[in-house]
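Tertiary structure, described
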Amino acid sequence: FAGTMNNGVYRSTDGGANWSPASTGLPAQQILGLAAYSATVFAGTRGGVSRSTDIGATWTTPDTLLRDYYFYLLAAVDSVLYAGVYDGLYSSTDLGETWKILGRRAPQDPSGFAVAETTLFLASSSAGVFNSNDEFISWESVNDGLTNTSVRSLCFTEGRLFAGGGGVFVSTDF
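Rules of the game
- Residues numbered from 1 in each chain as written.
- Predicted model: local features only at pLDDT ≥ 70, side-chain atom pairs only at ≥ 80, totals over all residues.
- Heavy atoms only, no water.
- pLDDT = per-residue confidence, 0-100.
- Helix = DSSP H or I, 4+ residues; strand = E, 2+ residues; numbered from the N terminus.
- Core = buried A, V, L, I, M, F, W, Y, C linked by side-chain atoms within 4.5 Å.
- Buried < 20%, exposed > 50% of the residue type's maximum accessible area, 1.4 Å probe, protein only.
- Contact = heavy atoms within 4.5 Å.
- Pairing = 2+ DSSP bridges.
- Axes fitted to C-alpha atoms, helices over the stretch in contact; angles between N-to-C directions.

The next subject is the confidence of the model for the protein chain. Across the protein chain, pLDDT averages 85, with 91% of residues at or above 70. Per-residue pLDDT, averaged within each element of the protein chain, yields its smallest value for strand β7 (residues 73-77) (77) and its largest for strand β3 (residues 20-21) (96).

In structure tokens, the structure reads:
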């Protein structure tokens, strides 16, 4: 799946060689985040969170899915769906039927998310990278070595955390 800024969601069934539109039923075509858990795909838009249970063929946006927020981040970790908005994070343990605010303590402007074993990382487009070892209860800034704290994306792979924003940065000591 790929989300675009003005043309909705696209789906590939051949490893990215070819793409086809998969946006039927989305309330907005500006896709700000995508996440998947089990057979359900979620799209964060400027009109709320929509979900597809048929591999992107159709989308629904129930009233219970925080319709009035601009979602900058979606992530699924195990059976928990996380949604980032401009002032914090929400979580859902029932595939987006109900949401719980994780407090306003989360860094502002969430823009990326990564999991490294038991550590959760959050990128902020205005304040760099943060980590939490207690399921989002507290956050610690981990910006040593970053020359640009407008971080837009994170990826954890093979023991390394990559941060993208004004360049690509890598850390192995977190």
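What follows covers the nonpolar core. If you look at the biggest cluster of nonpolar residues, it comprises 14 residues, and the most contacted ones within it are Tyr82, Leu89, Phe113, Leu122, Phe136 and Trp139. When residues of this core are traced back to their parent elements, those giving at least two are β7, β8 (80-85) and β12 (119-124). Residues within four places of Phe113 in sequence aside, it is in contact with Leu73, Ala75, Val77, Tyr82, Leu120, Phe121, Leu122, Phe136 and Leu154. Counting eleven residues, the second-largest nonpolar core is a separate cluster that includes Ala114, Phe121, Leu146 and Phe169.

Ordered in space as β4-β5-β6, the three strands form an open sheet in which the pairing is antiparallel. Strands at the two margins of the open sheet, each flanked by one partner only, are β4 (31-37) and β6 (48-52). Averaged over neighbouring strand pairs, the angle between their axes works out to 20° when direction is ignored. Bridge count for strand β5 (residues 40-45) against β6 is five bridges, and the pairing is antiparallel. Bridge pairing in β6 links Thr45 to Gly48.

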